[in-house]
Amino acid sequence: MKAPAVLWFYCVLFLRNTNALSNHTFPTWFKFGAATASYQVEGAWNEDGKGENIWDRFTHRNSSRIKNHANGDVACDSYHKYKQDVQLLKQLGVDFYRFSISWSRILPTGYPDQVNKAGAQYYKNLIKELKANNIEPYVTIYHWDLPQPLQEIGGWLNDKLVDIFAEYARTLFSLYGNDVKHWFTFNEPRQICYEGYGIGEKAPGLKLPGTGPYKCAHVLIKSHAKAYHVYQENFKEKQGGKLGMVVDTDWYEPATSHPLDREAAERTLQFRWGWYVHPLVFGNYPKIMIERVARRSKLEGFEVSRLPTFTSEEINYIKGTFDFLGFNQYSTSLVKHRPEPEIGIPSYDNDMGTFIYRDPTWERGASDWLYVVPWGIGKALKWIKSNYGDPEIIVTENGFSDHDGTLEDYKRIDYLQSYLSSILDAIHEDGVKVTRYTAWSLMDNFEWYSGYTEKFGLFHVDFQSKHRTRKAKKSVDFYRNVIKSRKLNKCNSKTDS
Ligand code: NOJ
């Protein structure tokens, strides 16, 4: 399309949504960012002393479980192209970059015995480059790539990981804490535990549907709490940073106003979000989870509940271990009451016992779980505010996928502006303390078992070229203009740039 045609099309897009768009302005303290994760972008899987991690192993040994047998061996080659990545961030005008650290690059065996100097230097360089460009580094300590040797001892099913993780976190605080003021311990623990240890869709690919997810979550929550205390006791005063966990959830909307459907939707939120956030805020799992898993475990013949219990010391130790809540949201689902599932094979899904589906008329992204429902994020934010003590919330991920990675990504623009609008209203009209927004993702990358078939990037990456050339999509202009103007509904925003 020629420039005026593009402009017209762009305006129509805006006008189409103008009525629905928030007129509010992002407050001056509100910050914008973009995110990636180590395994999804770095490549260099075996360079400079990096150890093997569970995603290296999973993609190499189970390649048939990944679309087109893809892997992250090279990915976006950010290990070599990080300076270019920082220039992309600069082009966007973001305040911060949320990236994750590859544990095996820092500690090749996973154990905190010896730091790999080259690996540690890579993140030093990246952070230095970000700071030189006025972009704050926001670091995720664990975004799914566990060192393989730690999987050999059971991975997140082994309590030993609590201390090992805390030591890994301590290493990062010592190495980077003078420059990093925002730390996220775990990204999306439900995906780690349910998909990795329950249904086996993600590394390490274990299928233990009734026990794996719960044990894994128990170890993760204790690991998080320990890392929080390590930071509080040894680094907080000097470094002055903040720490939290990133938990994701769809918004779960009752399919009807029937009390049973409402109850089912609330139960789903508790099983998905409350599972992790309840312990952090209140010290223990949601009551409904404790009761249901205990009851079903008993009927199944277990002597104790499949949901492990925290001791009272643990409850005190875990409660309050966050400075903010990281929140990833992409989509919404509908929930219907489901009659109590029969006692049979124990599973997390049967414990939750709800029927979850999507409205087929909703617009969709390329990912089979991604439906465009902007009002869902507003409802979720309000729900978090009122049920979890009005915490500071950082939206740590939100974004849209397509298959073709088109540069004319108007659907992504539509998605981002409608979700941002809902967030703006939640801030101004409902007083939700959302302080930051992070677009997923800075660039197209390795989308786990979907390989390179689902593209979330603001920047396109040419995976056919050995240079992994990056190119701005139209959404780059859009996001840059939002950041610059701190507003949404501007037909002329394209000409501002
Ligand atoms: C969640 C994950 O944190 C990220 O790794 C993934 O690529 C996106 N959402 C999209 O699925």
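Keep in mind that what you see is a predicted model, and the values were worked out from it rather than measured.

As for the state of the cysteines
So, point 1. With the rule as written, the count across this model stands at one disulfide.
So, point 2. A sulfur-sulfur distance of 2.1 Å marks the disulfide that ties C193 to C216. In this structure, the disulfide formed by C193 and C216 twists by about -65° around the S-S bond and is classed as left-handed. Note that C193 is positioned in helix α9 (residues 189-197) and C216 in helix α10 (residues 212-234), a separation of 23 residues in sequence.
So, point 3. Judged by relative accessible area, which is 0%, C193 ranks as buried.
So, point 4. On the accessibility criterion, C216 (0% relative accessible area) is buried.

Concerning the confidence of the model for the chain
So, point 1. Residues at a pLDDT of 70 or more form 95% of the chain, whose mean pLDDT is 95.
So, point 2. Here residues 492-497 is modelled with pLDDT under 50, and outside its nearest four sequence neighbours on either side it reaches 15 contacts, counting other chains as well.

Considering the packing of aromatic side chains
So, point 1. Under the criterion given, the structure shown has 59 aromatic pairs.
So, point 2. The interplanar angle of 5° and the centroid separation of 6.4 Å between the aromatic rings of F99 and Y123 together place this pair among those described as stacked. Here F99, found in strand β2 (residues 96-100), pairs with Y123, found in helix α6 (residues 117-132); they are 24 residues apart in sequence, far enough to count as distant. Y123 carries the same exposure label as F99, and that label is buried.

Let's talk about the site of the ligand
So, point 1. Near the ligand, the surroundings consist of 13 residues, among which Q40, H143, N187, E397 and E447 are the closest.
So, point 2. The separation between a nitrogen atom of the ligand and a polar side-chain atom of Y330 is 3.2 Å.
So, point 3. About the coverage of the ligand: the protein hides 96% of its 290 Å² of free accessible area.
So, point 4. For the shell around the ligand, the residue count by class is six nonpolar, four polar and three charged.

Let's talk about the packing of helix α4 (residues 78-92) against α6
So, point 1. Between α4 and α6, the least distance of the axes is 10 Å, while the angle of their chain directions is 15°. In this view, α4 runs roughly parallel relative to α6, as classed from their interaxial angle. Pair α4 / α6 crosses with right-handed handedness. Residues S78, Y79, Y82, K83, V86 and L89 of α4 pack against A118, Y122, N125, L126, E129 and L130 of α6.
So, point 2. When grouped by side-chain class, the residues that make up the contact of α4 with α6 number eight nonpolar, two polar and two charged.

A look at the sheet that holds strand β1 (residues 31-35)
So, point 1. On the basis of which strands lie adjacent, the closed barrel formed by eight strands has the order β1-β2-β3-β4-β5-β7-β10-β11 and parallel pairing. Across this sheet, the average inter-strand angle for adjacent strands is 25°, counted without regard to direction.
So, point 2. In the sheet, strand β3 (residues 136-142) pairs with strand β4 (residues 182-187) via four bridges, with the strands oriented parallel. Its bridge partner being in β4, V139 is matched across the sheet by W183.

Some remarks on the sheet that holds strand β9 (residues 354-357)
So, point 1. With respect to topology, three strands assemble into an open sheet ordered β6-β8-β9, the strand pairing being mixed. The sheet is open, and its two borders are formed by β6 (251-254) and β9, each paired with just one other strand. Neighbour to neighbour, the strand axes of the sheet diverge by 35° on average, direction disregarded.
So, point 2. The pairing of β6 with strand β8 (residues 332-337) spans four bridges and is classified as parallel.

Here's the deal with the pairing of β3
So, point 1. Of all seven residues making up β3, six are buried, and the element is well covered by its neighbours.
So, point 2. Taken together, the five bridges between β2 and β3 define a ladder with parallel strand orientation. Opposite F96, over in β3, you have E136 as the bridge partner.

A look at the environment of K31
So, point 1. Tracing the sequence through the fold places K31 in strand β1.
So, point 2. Residue classification places K31 among the partly exposed positions, given a relative accessible area of 30%.
So, point 3. Spatially, the C-alpha atom of K31 lies 37 Å from that of Q151, the residues being 120 residues apart in sequence.
So, point 4. Not counting residues up to four positions away in its chain, the partners in contact with K31 are D95, F96, T435, R436 and Y437.

A closer look at the packing of helix α16 (residues 374-387) against helix α17 (residues 410-430)
So, point 1. As a packed pair, α16 and α17 sit with axes 7 Å apart at the nearest point and diverge in direction by 35°. α17 is crossed by α16, and the crossing has right-handed handedness. Contacts between α16 and α17 involve P374, W375, I377, G378, L381, K382 and K385 from the former and S418, Y419, S422, I423, A426 and D430 from the latter.
So, point 2. Class assignment of the residues belonging to the contact of α16 with α17 gives a composition of seven nonpolar, three polar and three charged.

Thresholds applied
- Residues numbered from 1 in each chain as written.
- Predicted model: local features only at pLDDT ≥ 70, side-chain atom pairs only at ≥ 80, totals over all residues.
- Heavy atoms only, no water.
- Disulfide = S-S within 2.5 Å.
- Helix = DSSP H or I, 4+ residues; strand = E, 2+ residues; numbered from the N terminus.
- Buried < 20%, exposed > 50% of the residue type's maximum accessible area, 1.4 Å probe, protein only.
- pLDDT = per-residue confidence, 0-100.
- Contact = heavy atoms within 4.5 Å.
- Phe/Tyr/Trp six-rings, centres within 6.5 Å; stacked < 30°, edge-to-face > 60°.
- Near = heavy atom within 4 Å.
- Polar contact = N/O pair within 3.5 Å; in protein donor to acceptor, adjacent residues only side chain to side chain.
- Areas by Shrake-Rupley, 256 points an atom, 1.4 Å probe, with all protein chains shown as cover.
- Nonpolar A, V, L, I, M, F, W, Y, C, P; charged D, E, K, R; others polar.
- Axes fitted to C-alpha atoms, helices over the stretch in contact; angles between N-to-C directions.
- Parallel < 35°, antiparallel > 145°, perpendicular 65-115°, else oblique.
- Left-handed = near helix turned anticlockwise from the far one by under 90°.
- Pairing = 2+ DSSP bridges.

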